[in-house]
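Single-letter residue listing:
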Amino acid sequence: MTTDLTEGKPSRKLFWFSLPLLLSVAFQQLYQMADSMIVGRFAATPEAGELALAAVGASYPITQLFVAVATGVNIGTSVLVSQLFGAKRFLRMKTAISTALLTTTVIALVLTLTGALGTDAMMAALQTPDNIFADGSLYLRVYVFGLLFLFLYNVCTGIFNAMGDSRTPLFLLILSSVANVALDLLFVARFRWGVAGVAWATFIAQGGAGVLALILLLRRTRSFDTNGHFLLFSPDMLRRLTNYAVPSIAQQSFVSVGNVVIQFYVNMCGATVIAGFSAATKVNMFALTCCMSFASGLSSYVAQNIGARKLDRIGPGLKAGAAFSIGLALVFTAVYLPFAEQLVGLFIPAGSASGVTAVGRQFLFIVVPFYIIVCIKFVCDSVLRGAGAMRPFMVTTFSDLILRVGFTIVLFAPFREAGIWASWPLGWFLGSGLSVLFYKKGTWKKNLPAL
């Protein structure tokens, strides 16, 4: 099931490799959206449903901090393994995989301990309202105990994608998504566990996916015929992994910290705005992660071709990735703008205050028209990331987020939540400009790694 992305027509190879990635992120976002839909709609009263939705939404920026570290490790591992796979250095690739798995386990256990001890403090630091504090803290505490599974799943699927296998991650996501929704309905709709039910459903589904991903990966690596024994742990591979992963972790964590700051201001607007923002964010992230799937495929494509030293294939790959991503963005724009109120309403219990829907609709109307801009950033960043040019990749993301946080702080006083929403497109413009500039300058071609 592995795919050599260094041969064949770039647009065709990239499309068929990225299609399972698109379906994977769609399923992932759908089951995350199902959490909010079910917890909001199966509450005893509309008011209770609104508070439950707000509680899950209030803890979201903190969970994203942990996801940021897992994603950073995923990106770092994927870049290294893709380059070794493209160069056909399979013995060193096995060593890189083993080193990544051991390192990931240690990081996950440390973060689990840290998160378990600091749950209430983190929720309090976000100025979480008293009426949703207990449920938000409960959701976060259960989530933290599943971090090992989250990390294993992320690093394993990153390795599968690096080897050109985007189908196995799709299978795992479909399985975990169906299990998560089924458990949501059982725990929340049937047993009436509320926010706790959503948390435990995520824990169990994520745990099963993480364990199965590890088993399948170990079987896959044994299938590569190598003349010699690989090292279980290599300081040299750890150093190379660190060179790719640490900037990715820093970038992802910085984004999450920025989102925490933004959530702080959202929380100051009260439970109605929190609930509306939570619903709209789910809808928004579904579109963005789907558009990003072609950029993720492009990153593996670039890394394999960098490993094979086929730099002439990078440009055609970027053009194809941009066409696919922007085309999908136009589809989402055409659907989201006329149906914004209905989409947000999927998360809101019947009879709930109309202000929640109005908040979500306002967010989407301000952000959605600029999806094309952020798609340009996605594909240019993927070339930088796939080539291992992590410094310019970090600069583009940091500038986007610094502006987003800065505009949130400046615009909050005169415009309240509308000022927060406006910070998204304002940040995207500068970040996209820098991404295009770094690509055009050929920064990604400099200091190609020795394999």
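Everything that follows concerns the structure shown earlier in this document.
Presented here is an overview of the structure given in this document.

About the criteria used
- Each chain has its residues counted from 1, running along the sequence as written.
- Per-residue local features of the predicted model are confined to residues with pLDDT of at least 70, and side-chain atom pairs are confined, for both listing and counting, to 80 or more; whole-chain, interface and lining totals are unaffected and use all residues.
- To obtain the side-chain values, all non-hydrogen atoms of the structure were used and water was disregarded.
- By definition here, a salt bridge exists when the distance from a side-chain nitrogen of Lys or Arg to a carboxyl oxygen of Asp or Glu is within 4 Å.
- The secondary structure listing takes helices from DSSP runs of H or I that are at least 4 residues long and strands from runs of E that are at least 2 residues long, numbered from the N terminus.
- Fitted lines through C-alpha atoms give the axes, limited to the stretch in contact for helices. The angle between two N-to-C directions lies from 0 to 180 degrees.
- The cut-offs work like this: below 35 degrees is roughly parallel, past 145 is roughly antiparallel, 65 to 115 is roughly perpendicular, and the gaps in between are oblique.
- Two helices that cross are described as forming a left-handed crossing if the nearer one is turned anticlockwise from the farther one by less than a right angle, and a right-handed crossing if clockwise.
- We call two residues in contact when some of their heavy atoms are within 4.5 Å.
- Under the scheme applied here, ten amino acids are nonpolar (Ala, Val, Leu, Ile, Met, Phe, Trp, Tyr, Cys and Pro), four are charged (Asp, Glu, Lys and Arg), and all others, including Gly, are polar.

What follows is about the pattern of salt bridges. Scanning all chains against the criterion turns up seven salt bridges. Put simply, D236 and R92 hold a salt bridge, and the shortest N to O gap is 3.7 Å. Pair noted here: D236 is in helix α9 (residues 235-267) and R92 is in helix α3 (residues 90-117), with a separation of 144 residues, a long-range link. For D120, the salt bridge goes to R141, with nearest N and O atoms at 3.3 Å. Taken as a pair, D120 in helix α4 (residues 119-125) and R141 in helix α5 (residues 130-144) lie far apart in primary sequence, 21 residues in all. If you follow the salt bridges from partner to partner, you end up with R92, D236 and R239 in one network.

Within the secondary structure layout, V178 lies in helix α7 (residues 167-190). Each C-alpha atom, one on V178 and one on L150, is 17 Å from the other, the two residues being 28 residues apart in sequence.

Relative to each other, α3 and helix α8 (residues 195-222) sit at 160 degrees, their axes nearing to 11 Å. The orientation of α3 relative to α8 falls into the category roughly antiparallel. In the crossing of α3 with α8, the sense of the turn from one axis to the other is left-handed. Contacts from K94, I97 and L101 in α3 reach L214, L217, L218, T221 and R222 in α8. Along the lines of polarity and charge, the residues of the contact of α3 with α8 split into five nonpolar, one polar and two charged.

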